[in-house]
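# Observations on chain architecture
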Amino acid sequence: MLTRIDHIGIACFDLDKTVEFYRATYGFEVFHSEVNEEQGVREAMLKINETSDGGASYLQLLEPTREDSAVGKWLAKNGEGVHHIAFGTADVDGDSEAIRGKGVRVLYDEPRKGSMGSRITFLHPKDCHGVLTELVTAAPPSETDH
Ligand code: V0V
Ligand code: CO
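Because the structure is a prediction, the values reported are computed rather than measured.

### Section: the coordination of the cobalt ion (ligand 2)
On the protein side, the cobalt ion (ligand 2) has H7 (NE2), Q60 (OE1), H84 (NE2) and E134 (OE) as donor atoms, found 2.1 to 2.2 Å from it. Coordination at the cobalt ion (ligand 2) is octahedral: its 6 donor atoms span angles of 79 to 172° at the metal. All donor residues of the cobalt ion (ligand 2) come from one chain, and their arrangement in sequence is H-x52-Q-x23-H-x49-E. With H7 in strand β1 (residues 2-11) and Q60 in strand β4 (residues 56-64), this pair connects stretches of sequence that are 53 residues apart. The same class applies to H7 and to Q60, which are both buried.

Spelled out as structure tokens, the structure:
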């Protein structure tokens, strides 16, 4: 069951400048940052609020580490902006299989490593009315590394 907006992924050319915009304009601070080489991103998570399911909602600012990454290709075509939305679930395996069974393309056979030790998968934007959609199961609090 999808229980929250886990994050909104925003593609940017310059992570440091974009982080500074969100800090100066809204007062959001970086909660966590990391490089995910598999996904080809350098990212900063800005926590917006905690949610009643024990999780939280974030903005995820994404700068590509290479031009041929998903975010690099998308930025070259579209410029900066909202790249994906992510729903939080306690069971990314079960929920993604159920959604696959409805005929939506799930991009990975098994969930992969996401931000802060989470497990993530993506649904093809062409099957989701133009929205690249991610499903996230957060790491248990003890495993969160930030
Ligand atoms: C591509 N398209 C999109 C899109 N990216 N539509 C909406 N939102 C997006 N973000 C459209 C694109 O305009 C094309 O439509 C069509 O899909 C095929 O795109 P393409 O440019 O040829 O690119 P592909 O097919 O090589 O790759 C697209 C997919 C790729 C979605 C398959 O971006 C992907 O694998 N994404 C999942 C991984 C990811 O995004 N990682 C970065 C975030 P037309 O022109 O044919 O109509 S990592 C992350 O979120 C982490 C680590 C986390 O949360 O923890
Ligand atoms: Co994401």
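### Notes on the site of ligand 1
With respect to spatial proximity, 23 residues lie near ligand 1, and among them K73, K77, S115, K126 and E134 are the closest. Between H84 and ligand 1, the recorded distance is 3.0 Å, taken from a side-chain N or O atom to an oxygen atom. In isolation ligand 1 has 1,000 Å² of accessible area, and contact with the protein removes 71% of it. Taken together, the elements giving at least two residues each to the shell around ligand 1 come down to α2 (70-78), β5 (81-89) and β7 (119-123). Partitioned by chemical class, the residues of the shell around ligand 1 number 9 nonpolar, 9 polar and 5 charged.

### A word on the nonpolar core
In terms of nonpolar packing, the biggest core is built from 9 residues, these being I10, C12, L15, V19, Y22, A44, L46, L59 and L61. Counting only elements with at least two residues in this core, the list comes to α1 (15-26), β3 (41-50) and β4. Per-element tally for this core: the top contributor is α1, with 3 residues. Discounting chain neighbours no more than four positions away, the residues touching L15 are R42, E43, A44, L61, L62 and E63. Core analysis: the next-biggest nonpolar cluster, separate from the first, contains 7 residues, I99, V104, L123 and L135 among them.

### Thoughts on the environment of T133
In this structure, T133 sits in strand β8 (residues 133-137). Taking the C-alpha atoms as reference points, T133 and M1, 132 residues apart in sequence, are found 15 Å from one another.

### Description of the packing of aromatic side chains
Where two aromatic rings form a pair, the distance of their centres and the angle of their planes describe that pair. Scanning the entire structure with this criterion turns up 6 aromatic pairs. What links up through ring pairs into an aromatic cluster is the set F21, Y22, Y26 and F28. The lysine or arginine in question, R112, covers the ring of Y108, its NZ or CZ lying 3.8 Å from the ring centre.

### Describing helix α3 (residues 92-100)
Regarding α3, the residues found buried are V92, D95, S96 and I99. Angular distribution of buried residues about the axis of α3 spans 95°; they occupy a single face of the element. On its buried face, α3 is in contact with β1, β5, β7 and β8.

### Considering the side chain of T133
Residue classification places T133 among the buried residues on the basis of a relative accessible area of 6%. In this structure the side chain of T133 is engaged in a polar contact, spanning 2.9 Å, whose partner is the backbone oxygen of V131. The contacts of T133, once residues within four sequence positions are left out, are I85, F87, T121, F122, L123 and C128.

### Examining the UniProt feature "domain: VOC" (unreviewed entry) in the protein chain
Look at the UniProt record and you will see "domain: VOC" (unreviewed entry) annotated at residues 4-138. Measuring from the first to the last C-alpha atom of residues 4-138 gives 11 Å, for a span that is 22% helix and 41% strand.

Conventions adopted
- Residues numbered from 1 in each chain as written.
- Chains lettered and ligands numbered in written order.
- Predicted model: local features only at pLDDT ≥ 70, side-chain atom pairs only at ≥ 80, totals over all residues.
- Heavy atoms only, no water.
- Donors = N, O, S within 2.8 Å, 3.2 Å for Na, K, Ca; no water.
- Tetrahedral: all angles 85-135°; square planar, octahedral: opposite > 155°, others 65-115°.
- Helix = DSSP H or I, 4+ residues; strand = E, 2+ residues; numbered from the N terminus.
- Buried < 20%, exposed > 50% of the residue type's maximum accessible area, 1.4 Å probe, protein only.
- Near = heavy atom within 4 Å.
- Polar contact = N/O pair within 3.5 Å; in protein donor to acceptor, adjacent residues only side chain to side chain.
- Areas by Shrake-Rupley, 256 points an atom, 1.4 Å probe, with all protein chains shown as cover.
- Nonpolar A, V, L, I, M, F, W, Y, C, P; charged D, E, K, R; others polar.
- Core = buried A, V, L, I, M, F, W, Y, C linked by side-chain atoms within 4.5 Å.
- Contact = heavy atoms within 4.5 Å.
- Phe/Tyr/Trp six-rings, centres within 6.5 Å; stacked < 30°, edge-to-face > 60°.
- Lys NZ or Arg CZ within 6 Å of the ring centre and 35° of its normal.
- Arc of directions from axis to C-beta.
- UniProt positions renumbered as here; feature names shortened; annotations may be inferred.

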